[in-house]
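Here is what each chain is made of, one letter per residue.
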Amino acid sequence: MLRLFSIGGVSWRFSFAAIFCLLLSSCLGLLLGQDLNWDAINYHFYLPNLILNDRFEQDFFAAGKQSYLNPLLYFPFYYMVVSGVHPVIIVIVLSFLQGFTFFVLFLFVKALLKDKLSFSFLLLVFFVCAFCPIALQLIGTTFSDLFIAGFQLASLLFLVISSEDGCWKRLFVSGFLMASAAGFKYVYVIYCLPLGVAVLVMFWGQGERLFKALLACFCGGVAGFLVVDGWWAYKLYLEFGNPTFPYFNGIFSSDFYFDVSYPIDRFRKDSVLEVISFPFKVALPNSYYYSEVISPDIRLAFSFFLIAISFGAYIFCLGKFLSPVTWSLLTFFLTSYLIWAWISGNGRYALIILFVAPVLAVLMSCQIFSGKIQRIYWLVAFILQLFITLVVGNPRWSPIEWADEWYAYTVPIEISSKPALFLSGEVISFSFLTGKVHPDSSFVTARGQIPFPDMPATMDRLDSLLERVESGIVWGLSYYATDDQMSTAYDSSMINAKVFSRLGFSVTDQCYEIKPHYMQYGMIPVSIAACRLKYDTDLLKLTRFQHSEADRIFEKMAKLCKDLFSPSVTPPLQFGSQWEAVYPGTENILILNNGVFLARPKRGTYLVKLTNADSVDELNSCPLETLDI
């Protein structure tokens, strides 16, 4: 058994590396501070709460479309929050656990380069690999991606050490770990195929050994996915008839959601030129090219340049062939990069690519360039990366000052004392409030990233939630920016009544403030307004008629402008005098405001044309023209 995990023997350097990675990660997390990011507010706390307290019948889309993701990696965070652990301790614990990923990264670098480089040079390569801007931003946060990267790196580590003897047990573990990452978060399934291709390349031409290697990796992958996500997929299937609910509902057709399969292409690269230029563009301080925050990464440009030069030298100059391990990792790297760029493009989902790039470049070039040249090359890369990160990098998504608790909000007793139905009227949900109000309260996201599905099965579910709340109290929730000088006299004008009227609720003047106890750096503190709602069947009939007219107009525009808007099964929403429709297939948004259409594509280009909505029926071609702003 010990031989299966052998990586060259345990030494003082091995022990020191483990302690160093764990302690350094903990210190960095503490130094960077608390991050109350969008996802932490939206669903990181809610997912464990859903399964541990069996809230399936109690809530419905409490955290929007992310309500039913696999909750496993969020359990440590949830238990610390409900136990009242101070945020400082929470950050230290999360950072410490995330330090294991950096330790596995060290083992991976060591396994590849221990016989080729001095230990001091190996350490330099490790620091270059580890100094990934997005990875550093994730330390101490509630995001699961850095944990998942540890599983992926361990998978590649077992692949590398299996090359020595083709041990099928190690290949089984490699497949198990890579598929486990996909089980934790479905987007990471994009790396399973590249792993299979890497195994194929490593053992190519070895007959029965190749077959056994592929079989072991495949069986390990199936086992890993089922262990991590099988139980959860089965639970979702029993509840909603879709094992990935609400995702891929275009395939499973659950009655509880739109027949749509969500893309993950907010940062997707649309052309070959974008894919080729990405490693160099990402070195620029562009905050929305592959991440939501500024994350310039110079290491990628250095890595891709050296990989290209080395590959050309091997093929055209030296006449040599790469080793099976190098070929295997190069295949995994390039295949992963192409699939990721085509399907996702989100930097948080590319940590394995960002970690592996420098070490692969060193592995390919160590026989071409002298050690001195390489040391200088990577030392310059590290210094430049350190400089640009300190100057323009953003250490957090939403940094806040330390508070006494993670979700430092005071909920008025009028809201928290009795069971109630809470409806969120924002794109973001307020599902973290499930831990601050009466435990028998129910939560629903009325707006969300994709609107609440007002279809027979979902409206019946909403009716059942109304019936289960014995008090009959319904609260509408909305963000409200305030400061110390602003009046605390809250009224119904603070929230968007149109979002709730779509579901048959009118807004009353009984409103309260759910106030934060922290300061968000560089921003006005944001409170949550909670206003009492009243169910009105006549209002529901009226709004359904208005929505049917809006549906007709937006459907006609989508047909006329097929290149801009995919067929949408989600309804348009009304905000004041403005209507908005989201098209999941393209992530474009079409807005109708006082008879004027405005289209907002994901790339930030605006397509504007003064077109009266009443004349849409008379149009025969797309009326929108492109204007770059």
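What you are looking at is a predicted structure, and each value in this text was computed from that prediction instead of being measured.

### Remarks on the nonpolar core
Then, in step 1: In this structure, Phe108, Leu113, Tyr191, Trp340, Leu351, Phe355 and Trp378 are the most contacted members of the largest nonpolar core, which totals 185 residues.
Then, in step 2: Broken down by element, this core gets its largest block of residues, 14 residues, from helix H5 (residues 87-113).
Then, in step 3: Each residue touching Trp378, except ones within four places of it in the same chain, is listed here: Phe121, Leu124, Val128, Phe302, Ser303, Leu306, Pro358, Ala361 and Val362.
Then, in step 4: Membership of the second largest hydrophobic core comes to 17 residues, among which are Phe554, Tyr583, Leu590 and Phe597.

### Thoughts on the environment of Tyr290
Then, in step 1: You can see Tyr290 is positioned in the loop between helix H13 (272-281) and helix H14 (298-318).
Then, in step 2: When the C-alpha positions of Tyr290 and Ile134 are compared, they lie 9.9 Å apart, and in sequence the two are 156 residues distant.
Then, in step 3: Sequence-distant contacts of Tyr290, that is, excluding residues within four places in its chain, are made with Ile134, Phe267, Lys269, Phe278, Val282, Ser295, Asp297, Gly345, Asn346, Gly347 and Leu354.

### Focus: the state of the cysteines
Then, in step 1: Counted by the stated rule, this structure contains one disulfide.
Then, in step 2: Disulfide pairing is shown between Cys511 and Cys531; the S-S distance is 2.0 Å. Negative torsions about the S-S bond denote left-handed disulfides, and the value of about 115 degrees found for Cys511 with Cys531 makes this one right-handed. A residue pair is termed long-range when its members are at least 10 positions apart, and Cys511 in strand E7 (residues 505-516) and Cys531 in strand E8 (residues 526-535) qualify at 20 residues.
Then, in step 3: On the basis of relative accessible area, Cys511 is assigned to the buried category, the value being 11%.
Then, in step 4: Of the residues examined, Cys531 reaches a relative accessible area of 0% and is grouped as buried.
Then, in step 5: Looking at the unpaired Cys192, the closest cysteine sulfur is the one in Cys217, lying at 8.6 Å.
Then, in step 6: Residue classification places Cys217 among the buried residues on the basis of a relative accessible area of 9%.

### Description of unusual backbone geometry
Then, in step 1: Here the residue pair Phe245 and Pro246 is connected by a cis peptide bond, since its omega of -5 degrees sits within 30 degrees of zero.
Then, in step 2: Tracing the backbone through its elements, the reader meets Pro246 in the loop between helix H11 (208-240) and helix H12 (249-252).
Then, in step 3: At Ser253, a position not held by glycine, the phi torsion is positive, near 55 degrees.
Then, in step 4: Mapped onto the elements of the fold, Ser253 is located in the loop between H12 and H13.

### So, the side chain of Glu426
Then, in step 1: Here Glu426 shows up in the loop between strand E4 (421-424) and strand E5 (442-445).
Then, in step 2: Side-chain polar atoms of Glu426 contact the backbone nitrogen of Tyr479, separated by 2.9 Å.
Then, in step 3: Beyond its immediate sequence surroundings of up to four residues, Glu426 is in contact with Thr445, Arg447, Gly448, Leu477, Ser478 and Tyr479.

### Comments concerning the pattern of salt bridges
Then, in step 1: Taken as a whole and assessed by the stated rule, the structure comprises nine salt bridges.
Then, in step 2: In this structure, the salt-bridge partner of Glu292 is Arg348, at a minimum N-O distance of 3.9 Å. Residue Glu292 is located in the loop between H13 and H14, and its partner Arg348 is located in the loop between helix H15 (324-343) and helix H16 (351-365); the two are separated by 56 residues in the primary sequence.
Then, in step 3: The class of Glu292 is partly exposed, set by a relative accessible area of 25%.
Then, in step 4: Salt bridges here are not isolated pairs; linked through shared partners, they connect Asp145, Lys185, Glu292 and Arg348.

### Focus: the confidence of the model for the chain
Then, in step 1: A residue-level look at the chain finds 87% of positions with pLDDT of 70 or above and a mean pLDDT of 84.
Then, in step 2: Per-residue pLDDT stays below 50 along residues 1-9; that stretch engages in 18 contacts with residues further than four places along the chain or on separate chains.
Then, in step 3: Between residues 483-490, whose pLDDT stays under 50, and residues either more than four places distant or in other chains, the model counts twelve contacts.

### Points about H5
Then, in step 1: When the terminal C-alpha atoms of H5 are compared, their 39 Å separation across 27 residues agrees well with the 39 Å that a helix rising 1.5 Å per residue should span.
Then, in step 2: In terms of burial, H5 is largely enclosed, as 20 of its 27 residues are buried.

### Topic: the packing of aromatic side chains
Then, in step 1: Enumeration over the complete set of coordinates arrives at 52 aromatic pairs.
Then, in step 2: With a centroid separation of 6.1 Å and 90 degrees between ring planes, the pair formed by Phe20 and Phe127 is classed as edge-to-face. One end of the pair, Phe20, is in helix H1 (residues 12-32); the other, Phe127, is in helix H6 (residues 119-130), with 107 residues separating them in the sequence.
Then, in step 3: The exposure class assigned to Phe20 is partly exposed, which follows from its relative accessible area of 30%.
Then, in step 4: Judged by its relative accessible area of 31%, Phe127 falls in the partly exposed class.
Then, in step 5: With centroids separated by 6.1 Å and ring planes inclined at 65 degrees, the aromatic side chains of Phe60 and Phe256 adopt a geometry described as edge-to-face. Placement of the pair is Phe60 in the loop between helix H3 (46-52) and helix H4 (75-82) and Phe256 in the loop between H12 and H13, with a sequence separation of 196 residues.
Then, in step 6: You can call Phe60 buried: its relative accessible area is 1%.
Then, in step 7: Ring-pair connections join several aromatic residues into one group, and the members of that group are Phe56, Phe60, Phe61, Tyr68, Trp231, Trp232, Phe240, Phe245, Phe256, Tyr257, Phe258 and Phe452.

### A look at the packing of helix H9 (residues 168-184) against H11
Then, in step 1: The interhelical angle for the contact between H9 and H11, taken along N-to-C directions, is 35 degrees, at an axis separation of 6 Å. As H9 packs across H11, the resulting crossing turns out to be right-handed. Along the contact surface, H9 presents Trp168, Leu171, Phe172, Gly175, Phe176, Ala179, Ser180, Ala182, Gly183 and Phe184, while H11 presents Ala213, Ala216, Cys217, Cys219, Gly220, Gly221, Ala223, Gly224, Phe225, Val227, Val228 and Asp229.

### Some details on a nonpolar patch on the surface
Then, in step 1: Residues Phe16, Phe20, Leu24 and Phe127 make up a contiguous nonpolar surface patch of about 340 Å² in total accessible area.
Then, in step 2: No other element matches the three residues that H1 contributes to the nonpolar patch.

### Describing H9
Then, in step 1: When the terminal C-alpha atoms of H9 are compared, their 24 Å separation across 17 residues agrees well with the 24 Å that a helix rising 1.5 Å per residue should span.
Then, in step 2: H9 sits mainly inside the fold: 13 of its 17 residues count as buried.

Quick notes on the rules
- Residues numbered from 1 in each chain as written.
- Predicted model: local features only at pLDDT ≥ 70, side-chain atom pairs only at ≥ 80, totals over all residues.
- Heavy atoms only, no water.
- Core = buried A, V, L, I, M, F, W, Y, C linked by side-chain atoms within 4.5 Å.
- Buried < 20%, exposed > 50% of the residue type's maximum accessible area, 1.4 Å probe, protein only.
- Helix = DSSP H or I, 4+ residues; strand = E, 2+ residues; numbered from the N terminus.
- Contact = heavy atoms within 4.5 Å.
- Disulfide = S-S within 2.5 Å.
- Polar contact = N/O pair within 3.5 Å; in protein donor to acceptor, adjacent residues only side chain to side chain.
- Salt bridge = Lys/Arg side-chain N within 4 Å of Asp/Glu carboxyl O.
- pLDDT = per-residue confidence, 0-100.
- Expected span 1.5 Å × (residues − 1).
- Phe/Tyr/Trp six-rings, centres within 6.5 Å; stacked < 30°, edge-to-face > 60°.
- Axes fitted to C-alpha atoms, helices over the stretch in contact; angles between N-to-C directions.
- Left-handed = near helix turned anticlockwise from the far one by under 90°.
- Patch = residues over 30% accessible without salt bridge, like charges linked within 9 Å, V, L, I, M, F, W, Y side chains within 5 Å.
- Areas by Shrake-Rupley, 256 points an atom, 1.4 Å probe, with all protein chains shown as cover.

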